[in-house]
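Structure assessment
Here is how the chains run, residue by residue.
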Amino acid sequence: MQLLASTLLFLGITAAVYYHVGMGNILKSYRMWFEDGYWVNYNVVEAIAWIAKAAVILPGLIWQQEIWQLHLITLSTSALLIWVSERKLLPTMVAFNTLWIGLSSVVIVRNLV
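Residues numbered from 1 in each chain as written. Predicted model: local features only at pLDDT ≥ 70, side-chain atom pairs only at ≥ 80, totals over all residues. Heavy atoms only, no water.

In the contact formed by helix 3 (residues 41-63) and helix 4 (residues 70-84), the axes pass within 9 Å of each other and the chain directions differ by 150 degrees. Compared by their axis directions, helix 3 and helix 4 come out roughly antiparallel. Crossing angle aside, the handedness with which helix 3 passes helix 4 is left-handed. Of helix 4, the residues touching helix 3 (which contributes Y42, V45, E46, I48, A49, A52, K53, A55 and V56) are L70, H71, I73, T74, T77, S78, L80, L81 and V84. Here the contact of helix 3 with helix 4 is built from residues that sort into 12 nonpolar, 4 polar and 2 charged. (Axes fitted to C-alpha atoms, helices over the stretch in contact; angles between N-to-C directions. Helix = DSSP H or I, 4+ residues; strand = E, 2+ residues; numbered from the N terminus. Parallel < 35°, antiparallel > 145°, perpendicular 65-115°, else oblique. Left-handed = near helix turned anticlockwise from the far one by under 90°. Contact = heavy atoms within 4.5 Å. Nonpolar A, V, L, I, M, F, W, Y, C, P; charged D, E, K, R; others polar.)

And the structure:
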């Protein structure tokens, strides 16, 4: 029942937002992944960071399991994102990744000390 409810909530919210933004704009955004020049240093680091964060979050949400070693990667990628982000130095991005550096630091120290 929870899986069905979660799926319906996800699909409903995503459909509403995509409709509001416009499917053409959404598809144009996704197509950027395949354009020449998109995969510059910042976007590569950002993609690795998102994958690493998802790898930390999803096992906890789905199986209630923490793979603490992945925080070594998220610690590195969060620091790298702030460092390489001179093009996209948005305050929310800086604050989120600073928060994630703190989170990863706590998890790493908790498991090593």
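Having seen the model, we can carry on.
This paragraph deals with the packing of aromatic side chains. The full count for this structure, using the stated rule, is 4 aromatic pairs. Ring geometry for Y30 and W33: centres 5.5 Å apart, planes at 45 degrees, overall tilted. In textbook terms, an aromatic cluster arises when at least three aromatic residues are bridged by ring pairs, as seen for Y18, Y30 and W33. (Phe/Tyr/Trp six-rings, centres within 6.5 Å; stacked < 30°, edge-to-face > 60°.)

Residues of the chain with pLDDT of at least 70 account for 97%, and the chain-wide mean is 90. When pLDDT is averaged over each helix and strand of the chain, the minimum, 89, is found for helix 4 and the maximum, 95, for helix 2 (residues 23-31). (pLDDT = per-residue confidence, 0-100.)

What follows covers the packing of helix 3 against helix 5 (residues 91-112). Helix-helix packing: each pair is described by the crossing angle between the helix axes and the interaxial distance. Relative to each other, helix 3 and helix 5 sit at 45 degrees, their axes nearing to 13 Å. In terms of orientation, helix 3 lies oblique with respect to helix 5. By crossing handedness, the relation of helix 3 to helix 5 is classed as left-handed. From helix 3, Y42, K53, V56 and I57 reach across to helix 5, where they touch M93, F96, N97 and W100.

Okay, the environment of Q65 next. On the secondary structure map, Q65 appears in the loop between helix 3 and helix 4. C-alpha of Q65 to C-alpha of L9: the two residues are 56 residues apart in sequence and 23 Å apart in space.

Looking now at the nonpolar core. In this structure, Y42, V45, A49, L81, V84 and M93 together form the largest nonpolar core, which totals 6 residues. Tallying contributions element by element places helix 3 first for this core, with 3 residues. In this view, A49 contacts T77 and L81; residues no more than four positions away in its chain are not counted. (Core = buried A, V, L, I, M, F, W, Y, C linked by side-chain atoms within 4.5 Å. Buried < 20%, exposed > 50% of the residue type's maximum accessible area, 1.4 Å probe, protein only.)

Structurally, the position occupied by T74 is in helix 4. At 3.2 Å, the side chain of T74 forms a polar contact with the backbone oxygen of H71. In this structure T74 touches A52, K53, V56, W100 and S104, once residues within four positions along its chain are discounted. (Polar contact = N/O pair within 3.5 Å; in protein donor to acceptor, adjacent residues only side chain to side chain.)

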